[in-house]
Amino acid sequence: MQERHDDEFRIHRFSPYRLFIERVSAYWVSIWRCWRTVLDWTVWLYIFIPGILIFSGMYRDVLRNPPEWLFEIPITILLALLGLLQLSGKLRTFAEPGDGLFLHRNVKWVRGMTKAGFVYGLVIRSVISSVFIAIIAPLLLHIFNMTAVYVSALIIYSVVCGFLWMMISDQVMRMWRGWQRTLVFLTARSIFMVVFVWIATIGEHRVVILVGVSVLVIVVASWLMRLRIRTKGTLLHEISVENAAYVASVGWILRDTMEKKPVPRLRRPMLFKQSQPLVRHRDDTYRLLDSWFKSILRRYDLLKPLLYFTGFGSAAVLLPPFIVAVIIWLVLPLLLLSSLQRQWEQWLSEPFIALFKWRDDLLEEASKKAKVWSALPTVTLWAIIIGVKSGLGYGGMGWLAIVIVPIAGYFWLTFINDILSSFSAIRRKKE
Amino acid sequence: MDNETLPLFRADIEEAGYEPGHPIVRDVIISVKAGERVGLLGPNGAGKSTLMKGILGQLPHWKGELYWRGEEEASSGGFEMSSRIAYIPEQPILYERMTLWEHLVLVAAAGSIPEELFRERAEKLLRRFRLYSVKHEYPVRFSKGMQQKTMLIIGFLMKPELYLVDEPFIGLDPGAVLELLEALDEERSRGASVLLTTHVLDSAERLCDRFVLVHDGGVAASGTLEDIRIAAGCGPDTRLFDCFHKLTEYDEVQS
């Protein structure tokens, strides 16, 4: 009798569906491993679990004793949220660059993987819509007095609309590029949202319309699926969808370690299309500064911390009493400059910039100017808020603070920046 | 030794590699005189690119000394791109959110090239390598060949004393190869030196004055084409390709 080995090659073990399932599991395991590096037990214990408990308690209280304003909320807001959730869907086939060698030469396998992608998309849409509607179901049933039949029909309607959007967005991404794609997406999203909310609102009183539209959507989606299955040459598009999905899932955690950053979708930048300088190139320092400021404006990951500081910092000086606000205003520039210093150093270590030997004096001067100029608009805004608070609180001469505090803020900012810069220069020399 | 006989650049590498205790190259001496063009040749995995990375201070494990005009480099961490040295890597290194022109502006800042001179040089090079029409586009969106040309422009823009060029012919179309060879000829007439690694032995034979053949992490042979022929036991008209084949094949049999 022939001995059976576990690693024996058996052709029936291999099918597009098995491969798809293997890739889906590998993908989610890799995402989970990545998130596990930041979600340790302390984060669960001190942030997530208390957050879930507090939110559940608050939600229960709202349902038991609904505040009056809750009855005033138009149902269209909840339906619009449900519609927005559907716009996040992408057709995933879990394609890999190596598929070009074998898999994409075999029509059966390509079609199998695409069909598996449809099922995966439908499952994800169903989970997302069901979870969202389950969370808001008590509101829909008890506050808005909707029927269970309507809520059930709404789940089906959301799932099929989400699936249809997934097919449409896949088609748009393959057919258009650049600003045309942006324009088509903007138009399609607006039309989808208006129609989705309109039908869902009408369906509240005539469920049959909701069901009828759902059937119509299924027919259109089936036609798009048929078209998609017959489309050839989609591998590069599928790989770029997979890359974008991975970056969207873990990009924030790996932002400093990702070797290959996402390639811009456009051939030319949206800002400074003709590479025109943002600051005049008076010398090498200004040339370096010009590159830094353009990087901040073109890279959202560099701009985001600055926007957060501006938003949260403004709230921090606006809300507390005047004296506390002044103390916070004095401390905030230090935090902002430290964050900018870290960003500046990361930017300098970008492979292309690190290729060159930069003079120490040039780096020191550019570092000082880069931080002060980046922080100045935010620090000035905080200073104006302090000035307005002073004017409102003390009146008369207090209003002078609107002019005096921003000037003092500038000197305070440069003073802290000089200290921070000298520390970083000493550290760089030691290195 | 007077300044004229001193090599412009010399690297005495005891060992270099990516992991401690596992050197990829050992006991290699490379020197390049002013105006000289040296070809660093060897089969795949011989350690050519490792040597280049070592010279540029990009290796985690490196033991050896670097000399510039006979003076030992105080930093010894390796050379970075400056007005002395330009590095043209095999894999283009680019910044995702900078246009081609902005890449060149940054090169001008690093090399302290005056604005007028920079514009003149940059525009000439962009036209030469046929990238003028795409100078306001992101090079990360270019084809491999166009990205390679971008790296060449960056290197030539600096007008350094020494070019370290890693596999320059890969990805270039025949027209661009010709432009590259001509540009290197012009740089030689200016007195610039070149240390290049390549597998394209015909071009290397035409381009280089001297060769260092690296094999199994060490130097198998070095010198002029004549020296290489003698080391390989070949006749006076033998091409570099055949000598290379004989030297590496011989070593293969011995090992």
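Everything here concerns the structure above.
Residues numbered from 1 in each chain as written. Chains lettered and ligands numbered in written order. Predicted model: local features only at pLDDT ≥ 70, side-chain atom pairs only at ≥ 80, totals over all residues. Heavy atoms only, no water.

## With respect to the pattern of salt bridges
Part 1 of the reasoning: In total, this model carries 32 salt bridges over all chains according to the counting rule given.
Part 2 of the reasoning: With its nearest N and O atoms 3.1 Å apart, the salt bridge here joins Arg174(A) to Asp170(A). Taken together, the residues Arg174(A) and Asp170(A), both in helix H6 (residues 148-175) and 4 residues apart, mark about one turn of the helix.
Part 3 of the reasoning: Here Asp284(A) makes a salt bridge to Arg359(A), at a shortest N to O gap of 3.7 Å. Separated by 75 residues along the polypeptide, Asp284(A) in helix H10 (residues 284-298) and Arg359(A) in the loop between helix H13 (351-354) and helix H14 (360-394) bring together distant segments of the chain.
Part 4 of the reasoning: A residue is classified by how much of its surface remains accessible, and Asp284(A), at 11% relative accessible area, is buried.
Part 5 of the reasoning: Through salt bridges with shared partners, one network takes in Asp284(A), Arg287(A), Arg359(A), Asp361(A), Glu115(B) and Arg119(B). (Salt bridge = Lys/Arg side-chain N within 4 Å of Asp/Glu carboxyl O. Helix = DSSP H or I, 4+ residues; strand = E, 2+ residues; numbered from the N terminus. Buried < 20%, exposed > 50% of the residue type's maximum accessible area, 1.4 Å probe, protein only.)

## Side note on a nonpolar patch on the surface
All names here are of chain A.
Part 1 of the reasoning: There is a patch of nonpolar side chains on the surface, built from Trp32, Trp41, Trp44, Leu45, Tyr46, Ile47, Phe48, Ile49, Ile52 and Leu53 and spanning about 1,100 Å² of accessible area.
Part 2 of the reasoning: With 9 residues, helix H2 (residues 41-64) is the largest single contributor of residues to the nonpolar patch.
Part 3 of the reasoning: By secondary structure assignment, the location of Phe48 is in helix H2. (Patch = residues over 30% accessible without salt bridge, like charges linked within 9 Å, V, L, I, M, F, W, Y side chains within 5 Å. Areas by Shrake-Rupley, 256 points an atom, 1.4 Å probe, with all protein chains shown as cover.)

## Focus on helix H4 (residues 75-86) of chain A
All names here are of chain A.
Part 1 of the reasoning: Here H4 spans 17 Å end to end across 12 residues, near enough to the 16 Å set by a 1.5 Å rise per residue.
Part 2 of the reasoning: Three or more residues of H4 are buried, namely Ile75, Leu78, Leu79, Leu82, Gly83 and Gln86. Projected onto a plane normal to the axis of H4, the buried residues spread over an arc of 145° and lie on a single side.
Part 3 of the reasoning: As for H4, its buried residues are in contact with helix H5 (107-143), H6 and helix H7 (178-203). (Expected span 1.5 Å × (residues − 1). Arc of directions from axis to C-beta. Contact = heavy atoms within 4.5 Å.)

## Notes on the sheet that holds strand S4 (residues 61-68) of chain B
Residues and elements named next belong to chain B.
Part 1 of the reasoning: Across the sheet, which stays open at both edges, the 4 strands sit in the order S2-S1-S4-S5 with antiparallel pairing between neighbours. Edge positions in the sheet fall to strand S2 (25-32) and strand S5 (71-72), since each has one partner strand and no second.
Part 2 of the reasoning: Of the strand pairs in this sheet, strand S1 (residues 9-17) and S4 are connected by 8 bridges, and their pairing is antiparallel. Bridge pairing in S4 links Arg10 to Tyr67. (Pairing = 2+ DSSP bridges.)

## A few points about the interface of chain A and chain B
Part 1 of the reasoning: Counting from both sides, the interface comprises 34 residues of chain A and, opposite them, 35 residues of chain B.
Part 2 of the reasoning: Carbon and sulfur atoms supply 57% of the area that chain A and chain B bury against each other, a total of about 3,200 Å² over both sides.
Part 3 of the reasoning: Together, Arg267(A), Arg287(A) and Phe352(A) form the three largest contributors to the area buried by chain A at its contact with chain B, with a combined 24%.
Part 4 of the reasoning: Our count for the contact surface shared by chain A and chain B stands at 4 salt bridges.
Part 5 of the reasoning: For Arg287(A), the salt bridge identified is with Glu115(B), shortest N-O distance 2.9 Å.
Part 6 of the reasoning: Counting only elements with at least two residues in the side of chain A that touches chain B, the list comes to H10 and H13 of chain A.
Part 7 of the reasoning: The dominant element in the side of chain A that touches chain B, judged by the number of residues it contributes, is H10(A), at 7 residues.
Part 8 of the reasoning: Here the residues of the side of chain A that touches chain B sort into 16 nonpolar, 5 polar and 13 charged. (Buried area = accessible area lost by both parts, 1.4 Å probe. Nonpolar A, V, L, I, M, F, W, Y, C, P; charged D, E, K, R; others polar.)

## Quick look at the nonpolar core
Part 1 of the reasoning: Membership of the largest hydrophobic core comes to 128 residues, with the highest contact counts inside it found for Trp347(A), Trp358(A) and Leu195(B).
Part 2 of the reasoning: If you tally residues by element for this core, the top one is H14(A), at 11 residues.
Part 3 of the reasoning: Among all residues touching Trp347(A), those that are not within four sequence positions of it are Leu288(A), Ser291(A), Trp292(A), Ser295(A), Arg299(A), Leu302(A), Ile353(A), Tyr95(B) and Met98(B).
Part 4 of the reasoning: Judged by nonpolar contacts, the second largest core, of 44 residues, contains Val160(A), Phe163(A), Ile199(A) and Ile229(A). (Core = buried A, V, L, I, M, F, W, Y, C linked by side-chain atoms within 4.5 Å.)

## Let's talk about the pairing of strand S8 (residues 193-197) of chain B
All names here are of chain B.
Part 1 of the reasoning: Counted residue by residue, S8 has 5 buried out of 5 residues, so it is predominantly covered.
Part 2 of the reasoning: Every second residue of S8 is oriented toward a common face, with Ser193, Leu195 and Thr197 on one face and Val194 and Leu196 on the other, all of them buried.
Part 3 of the reasoning: Taking the sense of rotation as the criterion, the β-α-β connection linking strand S7 (residues 162-166), helix H5 (residues 174-190) and S8 turns out right-handed. (Right-handed = clockwise from strand over helix to strand, strands pointing away.)

## Focus on a positive patch on the surface
Residues and elements named next belong to chain A.
Part 1 of the reasoning: Judged by side-chain charge, Arg111, Lys115, Arg226, Arg230 and Lys232 come together as a positively charged surface patch.
Part 2 of the reasoning: Where the positive patch is concerned, the elements lending two or more residues are H5 and helix H8 (207-230).
Part 3 of the reasoning: Among the structural elements, Lys232 can be located in the loop between H8 and helix H9 (235-250). (Lys, Arg positive; Asp, Glu negative; His and termini not counted. Charge placed at Lys NZ, Arg CZ, Asp CG, Glu CD.)

Keep in mind these values describe shape, not function.
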